[in-house]
Each structure stands twice: as structure tokens, then as C-alpha cells.
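Observations on the model geometry
Residues per chain are reported as follows:
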Amino acid sequence: MRILSVVGARPQFVKLSPVAAECAARGVQHVIVHTGQHYDPALSDVFFTDLGIPDPDVHLGVGSGTHGVQTGGILAAMDEVLTEHRPDRVLVYGDTNSTLAGALSAVKLQVPVAHLEAGLRSFNRRMPEEHNRVLTDHAADLCLAPTRAAMEHLAAEGLADRSVLVGDVMVDVLHRVREELVDADAVLQRLGVVPGGFSVATVHRAENTDDPARLAAVVDALRQVDHPVVLLAHPRLRARAADQGLDLSGGSLEVHDPLPYPALVGAVDQARGVITDSGGLQKEAFVLRTPCTTVRTETEWVETVELGWNVLVEPGPDLAAAASRPLPASTDATPYGDGHAASAVLDALAGDLPR
Ligand code: UD1
């Protein structure tokens, strides 16, 4: 069997890592297509190197652009790739423009397509990611769901017959990286913080970065937190802040470049809290049992909230209060699986497809 993975953005490289390793372990042919949606070395190359992912077989080099330009650019380029490599299955990951374009290109050429991280819903139709996930799930032949809640969403949309619960591959990679982590101290030294005395923050969602008043409110709220906050600034955040003449430091806030994945895991593991609008980081914080404060009106990862390890806040005084709340009650729940999701993904891909 030949699987062709389409990836393009930072969280997809993380998810690709355990899938690529499982393909190698099983001797399954695996073609990796990098769309080029993320191209800065700190958002792309460093993940391939650190996570031991083979170099992409194909690089589309699509780069940044409006949603239409980016999605359309990938779609146009994929015809030739699929015709040349003739995969048995196309695998797309998550909810970015690369996900939707990869799925559509496969459907158009009648190559069976599987969606990893299917069934997540925010029910917020203003988010580009929500369009991408709904459209991808409905285009896919196989929906690989990370959680029971995701399976329920798929069933509610009439997709139960083509859905399989596989768990979350991000747990696979997180377990592996945590075991291999040797030098979290060096990371903290680089960030100028002490164990348990700081929060890690990331802000990159369009809904937070692209409205000047909201972005200013988020930054102001981060400055008010009663302990140091290390803001790992995505290029989108830096660009929008620069457009608005907004300083990303001040008060408790210290701005840094994004971290490579192992360093991020080390930092989150040692942090007092995480403040974020990222989906992946909400889960990573939960798995590492670091309390999370999410600057969004809803989350796809509802289990983190239900289990008491994540709270949703609006930018304002609630954010600082949430960031210094006491540690929640401990839990041994594993809503995202046991770290063997990639194996379940490969089993599902090798099986017969639902008709
Ligand atoms: C994308 C995904 C988002 C995901 C995120 C992970 C979509 C619609 N959004 O958001 O779901 O959570 O990736 O990080 O697909 N830029 C650079 N260098 C890069 C890449 C981007 O400077 O390597 C800057 C450019 O100014 C670009 C902006 O970041 O316009 C936004 O990049 P884009 O790929 O459109 O979306 P993300 O915000 O990264």
C-alpha cells in the first residue's frame, strides 16, 4: 500500500511524525507532500529534523496568501503529484487550508482520502478552520476521529459509517518526546525563567490577531498576569502587531521566537500555566498536567475543560485571574488515547473503505 500525506503547517508536521514512523515500521510506502503553507525554518524544517521525519518527497512551495490563493494554489499543484505518485490513500491532517486542498484534490481524482483529526467542531462559522474541517470530513472516505465527542459530531452529520475512533496521534509524539527530553533546564535558562514560575503563551488565531482592538486587549491582559509570561510569537502575531504599532512586551510579558517542539514540551512541562488560542497546546498542556487558559469563546477539545484543566476566557481581567488560579484536582483520564493512535490509523488505512 502507498499512502500519500499532505502537510503544510506546523501542527501537521507534529502529527505526521508518528504516522511516518509507523509507516516505516510496517514497511508501508509513504510519500510526503509539503505544501509550503509554512516556510520559515522555525515553523517547518526544525520539526522535520527534531522529530525524525523524512524529508518531503514533494514540496509545492505555495507560501502565504489569501485563503483562496493559498487553497487554490495547492489544489492546482496536486493533480500532477497524485497522477505521478498514484497513492492508494491520501491522508490529510487537521484543519488548515492545506488539509482542505489536499482532500479536494484527492476526491477530484478519485483517490480515497482519509482525514486525520476528523469530527472536531467549534460550531463557530467565523473560523476558517471550522470551514476546513467540516468540508474535509464530508469529502473524506474515511474519518479518523481522535475522541468520542468527535465521533458523535460525525454521527450527527450522517458520517458514522465512515468514521473510526483512533485516538490522538499528538499524544503518541508527546509521550515519545517527553521520554527523550534531557535538558529542559537549558530551555528555561534560554527563556530566563525558573521551573513553576512562569506561563507559556501563544496567540495566532485570526480571530485574536486580526481585530486591532481585540489583539490590544489580549496583549494588555497578558501584561497583567501576576507572574512572568513567555510569549512565543508566531509570525502572524508579529506581523499584525507591527501593523498596529503594538509592543508585544511590557508588564509580565516577554516576547520570544517560537520554540522547536522538544523545547516547547520541556517549557510547558515546567510551566505554571499555558495561555493560548492554539488547539494543540490545549491538549499538550492537559497531557503534561499544566493548567491551561484558552483565549477563545469555545474549544474543540472540550474534555480539557470538562476535566477542569482548561478554562475559556475573554481578554480582560478574567485572563489574569484564570492564569493564577490554583491547580485543578488531579485526574488520570486519557480522553486522547494511550499514545498508540498512529498504529490504529495505519490499521484503518489498510482496511476496506466504507462504501
Ligand atoms: C495556519 C492555519 C491554522 C493553524 C496554524 C498553525 C489556516 C487557515 N490556518 O494559520 O489553522 O492553527 O496554521 O500554526 O490554514 N507566515 C510567516 N512564515 C510562515 C508562515 C506564515 O511569516 O512560514 C505569516 C505570513 O504573514 C502569513 C501569516 O503568517 O500571511 C499567516 O500564515 P497562514 O499559513 O495563512 O496561517 P496561520 O496563521 O499560520
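Residues numbered from 1 in each chain as written. Predicted model: local features only at pLDDT ≥ 70, side-chain atom pairs only at ≥ 80, totals over all residues. Heavy atoms only, no water.

1. A look at the overall build of the protein chain
Going by this rule: Counting from the N terminus, the helices are DSSP H or I runs at least four residues long and the strands are E runs at least two residues long. The globule rule is 2.2 Å times the number of residues to the power 0.38, and the radius of gyration it is compared with is taken over C-alpha atoms. When a residue's accessible area, from a 1.4 Å probe over protein chains only, is under 20% of the maximum for its type it is buried; when over 50% it is exposed; and in between it is partly exposed. Contact definition: two residues touch when any of their heavy atoms are within 4.5 Å. Residue burial considers only the protein chains on display, and all accessible areas are found by Shrake-Rupley using a 1.4 Å probe. Two residue types count as positive, namely Lys and Arg, and two as negative, namely Asp and Glu; His and chain ends fall outside the count. Here the site of a charge means atom NZ of a Lys, CZ of an Arg, CG of an Asp or CD of a Glu.
Across its full length, the protein chain carries 16 helices and 13 strands. Taken over C-alpha atoms, the radius of gyration comes to 20 Å for the protein chain, in line with the 20 Å a tight globule of 355 residues would show. Taken along the three principal axes of its C-alpha coordinates, the protein chain extends 55 × 45 × 40 Å. Of all 355 residues assigned to the protein chain, the portion counted as buried reaches 55%. Put simply, 69% of the contacts in the protein chain that link residues at least 6 apart link residues at least 24 apart. About 14400 Å² of surface is accessible on the protein chain, with carbon and sulfur atoms providing 51% of the total. Of the side chains in the protein chain, 28 bear a positive and 47 a negative charge, and the two mean positions are spaced by 3 Å.

2. Topic: the sheet that holds strand β2 (residues 29-34)
So the rule is basically this: The pairing criterion is simple: DSSP has to find at least two bridges between the two strands. Axis angles are defined between N-to-C directions and span 0 to 180 degrees, where every axis is a line fitted to C-alpha atoms and, for a helix, only to the segment in contact.
Taken in spatial order, the seven strands of this open sheet run β3-β2-β1-β4-β5-β6-β7, and their pairing is parallel. Across the chains shown, the open sheet's two edge strands, defined by having one partner strand only, are β3 (58-59) and β7 (163-165). The sheet contact formed by β2 and β3 spans two bridges and is parallel. Of the residues in β3, the one forming a bridge with V33 is V58. Docked against the sheet, helix α16 (residues 341-350) engages β1 (2-7), β4 (89-93), β5 (113-116), β6 (142-145) and β7, running at close to 165° with respect to β6.

3. Quick look at the sheet that holds strand β10 (residues 253-256)
As a general point, the strands of a sheet are linked pairwise by backbone hydrogen bonds and lie either parallel or antiparallel. On the basis of which strands lie adjacent, the open sheet formed by six strands has the order β10-β9-β8-β11-β12-β13 and parallel pairing. Every other strand in the sheet has two partners, leaving β10 and β13 (310-312) as the edge strands with one partner each. Strand-to-strand twist in this sheet, taken as the mean axis angle between neighbours without regard to direction, amounts to 20°. Alignment of strand β12 (residues 292-294) against β13, held across three bridges, turns out to be parallel. Residue pairing for β13: T293 is matched across the bridge by V311.

4. Some points on the packing of helix α8 (residues 184-191) against helix α12 (residues 261-270)
The following threshold applies: An angle below 35 degrees is read as roughly parallel, one above 145 as roughly antiparallel, one from 65 to 115 as roughly perpendicular, and any other as oblique. Gly is placed with the polar residues, together with every amino acid not listed as nonpolar (Ala, Val, Leu, Ile, Met, Phe, Trp, Tyr, Cys and Pro) or charged (Asp, Glu, Lys and Arg).
Across the interface, α8 lies against α12 with an axial gap of 9 Å and an inter-helix angle of 85°. Taken together, the axes of α8 and α12 are roughly perpendicular relative to one another. Packed against α8, whose contacting residues are A184, V187, L188 and L191, the element α12 presents A263, G266, A267 and Q270 at the interface. When its residues are assigned to classes, the contact of α8 with α12 shows six nonpolar, two polar and no charged.

5. Focus: the pairing of strand β11 (residues 273-276)
Each regular strand carries side chains that alternate between the two faces of the sheet. By the alternation rule, side chains of β11 split into G273 and I275 and V274 and T276, which are all buried. As defined by bridge partners, strand β8 (residues 199-202) adjoins β11 across four bridges and the pair is classed as parallel. In the sheet register, V200 faces β11, and the bridge partner there is V274. In terms of strand pairing, β11 meets β12 through three bridges, oriented parallel.

6. Quick word on the packing of aromatic side chains
Rule in force here: Only centres within 6.5 Å qualify two rings of Phe, Tyr or Trp (six-membered ring in Trp) as a pair; their planes then separate them into stacked at under 30 degrees, edge-to-face at over 60, and tilted for everything else.
Within the structure shown, the criterion is met by three aromatic pairs. Summarising the aromatic geometry, the rings of F13 and F48 are spaced 5.1 Å apart at their centres and angled 50° between planes, so their arrangement reads as tilted. Of this pair, F13 sits in helix α1 (residues 10-26) while F48 is found in helix α2 (residues 45-50), placing the two residues 35 residues apart along the sequence. An identical accessibility class is assigned to F13 and F48; each is buried. Judged by centre distance (6.0 Å) and plane angle (85°), the rings of F286 and Y336 are edge-to-face. Of this pair, F286 sits in helix α13 (residues 279-287) while Y336 sits in the loop between α15 (317-323) and α16; the two residues are 50 residues apart in sequence, bridging distant segments of the chain. Its relative accessible area of 3% is what places F286 among the buried residues.

7. Overview of the side chain of Q282
Note the threshold: Here a polar contact is recorded for every N or O atom pair within 3.5 Å, except that within protein the pair must consist of a potential hydrogen donor and a potential acceptor, and residues adjacent in sequence are included only if both atoms are side-chain atoms.
Considering the arrangement of structural elements, one finds Q282 in helix α13. Q282 gets classed as buried once you look at its relative accessible area, which sits at 1%. There is a polar contact of 3.0 Å between the side chain of Q282 and the side chain of N310. Those residues within four positions of Q282 in sequence are excluded, and the remaining contacts are T276, C292, T294, R296, T299, W301, T304 and N310.

8. Examining the domain arrangement of the protein chain
As a reminder of what qualifies: Note: domain ranges come from an automatic or database domain assignment. Put simply, a salt bridge is a Lys or Arg side-chain nitrogen that is within 4 Å of an Asp or Glu carboxyl oxygen.
For the protein chain, the assigned domains are domain 1 (2-168 + 337-350) and domain 2 (182-323). Spacing between the C-alpha centres of domain 1 and domain 2 amounts to 26 Å. Residue-level contacts link 21 residues of domain 1 with 18 residues of domain 2. At the junction of domain 1 with domain 2, the criterion picks out four salt bridges. One salt bridge connects E117 with K283, and the closest N-O pair in it is separated by 3.6 Å. Scanning the region where domain 1 abuts domain 2 turns up four residue pairs in polar contact (both at pLDDT 80 or more). Looking at the side of domain 1 that touches domain 2, the elements that each hand over two or more residues are α1, α2 and α5 (128-139).

9. Points about the nonpolar core
Side chains of nonpolar character tend, in soluble globular proteins, to be buried together. Inclusion rule: Think of a nonpolar core as a cluster: buried Ala, Val, Leu, Ile, Met, Phe, Trp, Tyr and Cys residues, connected wherever their side-chain atoms sit within 4.5 Å.
Counting 83 residues, the largest nonpolar core has L4, M78, V90, L91, L144, Y261 and V345 as the members making the most contacts within it. Two domains share this core, each providing at least three of its residues, namely domain 1 (2-168 + 337-350) and domain 2 (182-323). Setting aside anything within four residues of it in sequence, one finds V345 in contact with L91, L116, L144, V166 and V169. Counting residues in each nonpolar core, the second largest holds 23 residues, with L231, A241, A320 and A322 among its members.

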